[in-house]
Amino acid sequence: MKKADMNLNKILSLNNVIKKFGDVVALKGVSLNSYKGICMAVLGENGAGKSTLMNIISGVYKKTSGEMFFEKKEWDPKNTKHAEKLGVAIIHQELNTVNEMTVLDNVFLGSEIKTKLGTINYKKELKILNEVLIEIEINIDPMKEMNRLSVAEQQMIEIAKAIIRDAKVIIMDEPTSSLSNKETLKLFEVIKKMKAQNKSIIYISHRLQEIPVVCERMTIIRDGTFIGEYLVGELSEDEIIAKMVGRSITEKFPQKIKKAGEKIFEVKHLRNDFLKNVSFEIKSNEILGFAGLVGAKRTELFKTIIGLYPKINMEMNYLGKEVNFKSPNHAIRQNFYYVTEDRKLEGLHLNESIKFNISLSSIDKLKVKFLRFISGMKEIKNSEFYFQKTLIKAPDIDRVAGNLSGGNQQKVLIAKALSANPKIIVFDEPTRGVDVGARREIYDLIYEFKKNNNGGIVVISNDLPEIIGLCDRVLVMKNGIITKEILEAEMNQETILRYAI
Ligand SMILES: Nc1ncnc2c1ncn2[C@@H]1O[C@H](COP(=O)(O)OP(=O)(O)OP(=O)(O)O)[C@@H](O)[C@H]1O
């Protein structure tokens, strides 16, 4: 036992856990420990089995075999509610809140405090919630409706809920993936407070730079197998990556190719509820980045362009012609494709196969000549092609998209976009929830598109190293205005942030 391990107080331990889904073996023998007052990172590539493991701990799935102990007793929760009752709470990436309810009702949903008369004791509930919110220094009105809170605030409420229910182990599945830098720092402060209260945190993230800030230990899994448990600081970032992906990744970004060509798309004086006189152009063979803080209205800008929000004033010129897209489908038919940042709600049909999802963007090209129906052969050939091109990790194209890991769902979304063969492609957060190895694969696909299609590419991203590593030109936005155009020579984080804040 290492010196640093001597004072550890183990609360949860898993040993050689195996999980099979039909013919898919998601976990081939994983071990994990969680200790009081310690934040344990769980690291692994997309599809490594992290979410499956967390779902087993929190009672969503049953393990196929292996051992689990919680406070020295066998751990076998019947469902998430049962796990929560026994002291293990999970805060999912996609939050599980009932939107129309108030914060207060949501927090006590299913475990309401009753008066002697059997009615809900709102006064007591309010007192308890307020005490916790003060304790973790969060200023949110308990009477506000959940759907009026930001994602970060909803997450804080989920944490407050876990504390109220006296969770001893709190699992956080990619908690910072939709948070701004400021919100992330606030979350880290709250985690620090929870550790001080001896709570045990299990923390999943693909952002390796976060790990030393918030975690003390880490467990690495690869392809459903346990690689090891380490102290944070024991391995360099490159060593962590090598253990996660089984090979080293020296270059995170492809070599930039300078190739910007003609202007192919131009927007002038775009205004609506979100945007104030936005003008810009997209050039062929160029990767144009959109940087800004969460709330800068970059997503709204492109959703306006593709006809999802009304435009008040604007001129739009595309390949020398005036255009006005009336809907996303109208835009796609004219070869302008926006790849959403929200793959679950807007991007994919989660209950349908990979094949179905890839085909959806390109139905016209899959039809039998002169007839109205789709050629099954063409559909399979086309889906196979993009399935292989985007390196989706799944046994075949007939698998249900919703059963893929998050990062592989993101690849299906990209395969679907590429299958439409667009002239202009807008990627909104193309690597959200994607591991380091798969990120590089996505960057390579973006570069291949740049090299071969003579088209334009837009990348919206909160990840500044990604914007700088990938883009030829960057537009910075703030509150619905473009505040600065930055060319490659002047591109650095400080300059971007100066115009974003
Ligand atoms: N309900 C299910 N049915 C079939 N296969 C599943 C199911 N849930 C997960 N899998 C498979 O189990 C494997 C592990 O997936 P999991 O979501 O646990 O990975 P992950 O490490 O969380 O990945 P990511 O970082 O991309 O979220 C994948 O191959 C996935 O397709």
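Just so it is clear, the model here is predicted, and its values are computed rather than measured.

**Describing the overall build of the protein**
Within the protein, the secondary structure is distributed over 18 helices and 20 strands. In terms of overall dimensions, the protein is globule-like: its C-alpha atoms have a radius of gyration of 24 Å, near the 23 Å expected for 501 residues. Across the 501 residues of the protein, 51% fall into the buried class. Counted over contacts in the protein with a minimum sequence separation of 6, partners at least 24 positions apart contribute 66%. Carbon and sulfur atoms make up 50% of the accessible area of the protein, which totals about 23500 Å².

**A closer look at the sheet that holds strand S8 (residues 200-204)**
Read across the sheet, 6 strands follow the order S6-S7-S8-S3-S9-S10 without closing on themselves; strand pairing throughout is mixed. If you trace the sheet from one side to the other, it starts and ends with strand S6 (88-91) and strand S10 (225-231), each paired once. On average, each strand axis in the sheet is tilted by 20 degrees relative to the strand beside it, whichever way the strands run. By the bridge criterion, 6 bridges tie strand S9 (residues 217-222) to S10 in an arrangement that is antiparallel. The partner of arginine 222 across the bridge, within S10, is threonine 225. Most of the contacts of helix H1 (residues 50-57) go to S8, to which it runs at about 150 degrees, and overall it touches strand S3 (39-43), S6, strand S7 (169-173), S8 and S9. Lying over the sheet, helix H6 (residues 181-196) contacts S3, S7 and S8, oriented at roughly 145 degrees with respect to S8.

**Digging into the packing of aromatic side chains**
Throughout the structure, instances matching the rule amount to 13 aromatic pairs. Ring plane angle 90 degrees and centroid distance 4.9 Å describe the contact between phenylalanine 385 and tyrosine 386, whose orientation is recorded as edge-to-face. Feature note: the residues Phe265, Tyr318, Phe325 and Phe336 constitute an aromatic cluster, connected by ring pairs. Against the face of phenylalanine 21 rests lysine 19, its NZ or CZ located 5.1 Å from the ring centre.

**Observations concerning the side chain of serine 361**
For serine 361, the location among the structural elements is in the loop between helix H12 (354-359) and helix H13 (363-366). At 3.4 Å, the side chain of serine 361 and the backbone oxygen of isoleucine 358 are in polar contact. Ignoring sequence-local partners within four residues, the contact set of serine 361 consists of Ile332, Tyr337, Lys416, Ser419 and Ala420.

**Digging into the pairing of strand S12 (residues 278-283)**
Side chains Val278, Phe280 and Ile282 project from S12 onto a buried face, and the interleaved Ser279, Glu281 and Lys283 project onto a face without burial. Of the pairings in the sheet, the one linking strand S11 (residues 263-271) to S12 comprises 5 bridges and is antiparallel in character. Looking across to S12, one finds that leucine 270 is bridged to valine 278. Counting the residues between successive antiparallel strands, the hairpin from S11 to S12 contains 6 residues, one of them, asparagine 277, with a positive phi of roughly 55 degrees.

About the cut-offs
- Residues numbered from 1 in each chain as written.
- Predicted model: local features only at pLDDT ≥ 70, side-chain atom pairs only at ≥ 80, totals over all residues.
- Heavy atoms only, no water.
- Helix = DSSP H or I, 4+ residues; strand = E, 2+ residues; numbered from the N terminus.
- Rg over C-alpha atoms; globule rule 2.2 N^0.38 Å.
- Buried < 20%, exposed > 50% of the residue type's maximum accessible area, 1.4 Å probe, protein only.
- Contact = heavy atoms within 4.5 Å.
- Areas by Shrake-Rupley, 256 points an atom, 1.4 Å probe, with all protein chains shown as cover.
- Pairing = 2+ DSSP bridges.
- Axes fitted to C-alpha atoms, helices over the stretch in contact; angles between N-to-C directions.
- Phe/Tyr/Trp six-rings, centres within 6.5 Å; stacked < 30°, edge-to-face > 60°.
- Lys NZ or Arg CZ within 6 Å of the ring centre and 35° of its normal.
- Polar contact = N/O pair within 3.5 Å; in protein donor to acceptor, adjacent residues only side chain to side chain.

Shape is all these values report; function is a separate question.
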